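What follows is each chain in one-letter form.
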Amino acid sequence: MNTERIVAGFLGTGSCLPDKEVTNFDLEKIVDTSDEWIQTRTGIKSRRIADENTATSDLAYIAALNAMEAAGITAEQLDSIIVATITPDMSFPSTACILQDKLGAVNAHAFDVGAACSGFLYAASLAKQFVECGQAKHVLVIGAETLSKITDFTDRNTCVLFGDGAGAAIIGPVESGGIQATDLGANGTGGKFLTLPGGGSRMPASHETVDNRLHYIKMDGSEVFKFAVRIMAKSSETVIEKAGWTLDDLDYLVPHQANIRIISSAGKKLNLPDDKVHVNLDRFGNTSAASVPIALDEAVRTGKINKGDKVVLVAFGGGLTWGALAVEF
Ligand code: UT7
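Residues numbered from 1 in each chain as written. Predicted model: local features only at pLDDT ≥ 70, side-chain atom pairs only at ≥ 80, totals over all residues. Heavy atoms only, no water.

A. Geometry of the nonpolar core. In this structure, Trp245, Leu250, Leu253, Val312 and Phe316 are the most contacted members of the largest nonpolar core, which totals 42 residues. Those elements that place two or more of their residues in this core are α8 (221-242), α9 (260-269), β12 (310-317) and β13 (321-328). The residue makeup of this core includes at least three contributed by each of domain 1 (8-175) and domain 2 (180-328). Those residues within four positions of Leu250 in sequence are excluded, and the remaining contacts are Ile240, Trp245, Leu270, Leu272, Lys310, Val311 and Val312. (Core = buried A, V, L, I, M, F, W, Y, C linked by side-chain atoms within 4.5 Å. Buried < 20%, exposed > 50% of the residue type's maximum accessible area, 1.4 Å probe, protein only. Helix = DSSP H or I, 4+ residues; strand = E, 2+ residues; numbered from the N terminus. Domains from an automatic or database assignment. Contact = heavy atoms within 4.5 Å.)

This is how it looks when you write it as structure tokens:
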């Protein structure tokens, strides 16, 4: 009997960003804002926006192909597909099932996870459990969003923040390193601070919900900001401790790309210099569930993360939710 414990880790990553770039100067032309305000308050300069014919699964598909190529895995070898998204192609079937069909991943079960910007961390944590208990060998985990489709471009409080994109990873058994610990959490009491109220069973789509712009993101930015500053550092510290690491062991941080002030605050609390914290929100804005896997793919492909590095991935988001992973590459 083989009694060796399976440990799950990242076998490959991929991402996909739409070509169309929308700069702060473009937004100045449609809402009462300025490049100076957006950069100072958020760190964002530009974001990518999908065209009207592109849905979330289209971006997820390209990201998935890139991750599968990096891992050397074919579609038939996938046992599970988990898509984290708040902008599914439609309510059902799940975006994961739509993707399974596009990929021809005939041996994979498939489902979506809804944990807003923390979704990729929730999905990766599930993938770890599937692999380590023998339920699946290769899991395709994706964070993918077309937030531009639920963004109110008349609301300057939200429309300057968000962008579209997809990031993917193959999680499977590794011989060394791997995912050492996870930390997931939620505080539903704060759910009201970040919502999309219309179109669900509480408020089904009607002429009235459309007229009242209830099919767009509504946010109390300063409440989410306070929560984020506290939870990003706390969840990172928790997962570092669970992994049996100290702060000095940490080589790199891949945080959710929501606001440079939130990221800097987390980096400072973890004693990390700026070059050990991944930042791409200046180019891509906040892509919700896609933000961490896009940043991770970029960090891996540009050699910021190398074999043996101890890395924390961390996110917060609607729900309110949070999640962190401690991974040795
Ligand atoms: O993935 C999770 C998603 N959400 C987040 O991560 C959001 C977290 N929160 C934040 O990042 C920040 O709270 C924001 C960037 C959203 C806002 O920054 P802030 O420093 O908290 O600004 P504020 O909400 O306190 O607003 C300050 C002022 C207000 O004007 P008054 O009331 O002081 O006259 C806003 O109306 O800035 C105004 N304002 C803007 N001005 C120009 C808000 N948005 C804009 C804008 N352009 N786009």
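B. Focus on the packing of aromatic side chains. Under the defined criterion, the tally for this structure stands at four aromatic pairs. Each ring, one from Phe111 and one from Phe130, has its centre 6.3 Å from the other, and the planes form 80°; the classification is edge-to-face. Taken together, the residues span a long stretch of sequence, with Phe111 in strand β5 (residues 109-113) and Phe130 in helix α5 (residues 119-132) at a distance of 19 residues. Looking at Phe130, the relative accessible area reads 16%, which means it is buried. Taken together, the ring pairs in this structure connect Phe227, Phe316 and Trp322 into an aromatic cluster. Taking the ring centre of Phe193 as reference, the NZ or CZ of Lys192 above it sits at 5.1 Å. (Phe/Tyr/Trp six-rings, centres within 6.5 Å; stacked < 30°, edge-to-face > 60°. Lys NZ or Arg CZ within 6 Å of the ring centre and 35° of its normal.)

C. Representation of the pattern of salt bridges within the structure. The tally for this structure, following the rule as stated, stands at nine salt bridges. The salt bridge involving Asp58 is made with Lys102; its shortest N-O contact spans 2.5 Å. Placement of the pair is Asp58 in helix α3 (residues 56-71) and Lys102 in helix α4 (residues 95-103), with a sequence separation of 44 residues. Note on Asp58: relative accessible area 29%, which makes it partly exposed. (Salt bridge = Lys/Arg side-chain N within 4 Å of Asp/Glu carboxyl O.)

D. A look at the site of the ligand. Around the ligand, 21 residues are found, and the nearest of them are Thr33, Arg41, His256, Asn259 and Asn286. At a separation of 2.8 Å, an oxygen atom of the ligand approaches a polar side-chain atom of Asn259. One of the side-chain nitrogen or oxygen atoms of Asn286 is found 2.8 Å away from an oxygen atom of the ligand. Elements with a contribution of two residues or more to the shell around the ligand: α2 (35-42), α6 (156-159) and α8. A total of four residues in the shell around the ligand trace back to one element, the largest contributor, which is α8. (Near = heavy atom within 4 Å. Polar contact = N/O pair within 3.5 Å; in protein donor to acceptor, adjacent residues only side chain to side chain.)

E. Expanded view of the domain arrangement of the protein. Each assigned domain of the protein is listed here: domain 1 (8-175) and domain 2 (180-328). Averaged C-alpha coordinates put domain 1 and domain 2 at centres separated by 14 Å. Each partner contributes to the interface: domain 1 provides 48 residues, whereas domain 2 provides 44 residues. When the two sides are added together, the surface that domain 1 and domain 2 hide from each other amounts to roughly 3600 Å², 64% of it contributed by carbon and sulfur. Counting across the interface, domain 1 meets domain 2 through one salt bridge. A salt bridge links Arg213 to Asp152, with the shortest nitrogen-to-oxygen separation between them at 3.0 Å. Where domain 1 packs against domain 2, one counts 19 residue pairs in polar contact (both at pLDDT 80 or more). (Buried area = accessible area lost by both parts, 1.4 Å probe.)

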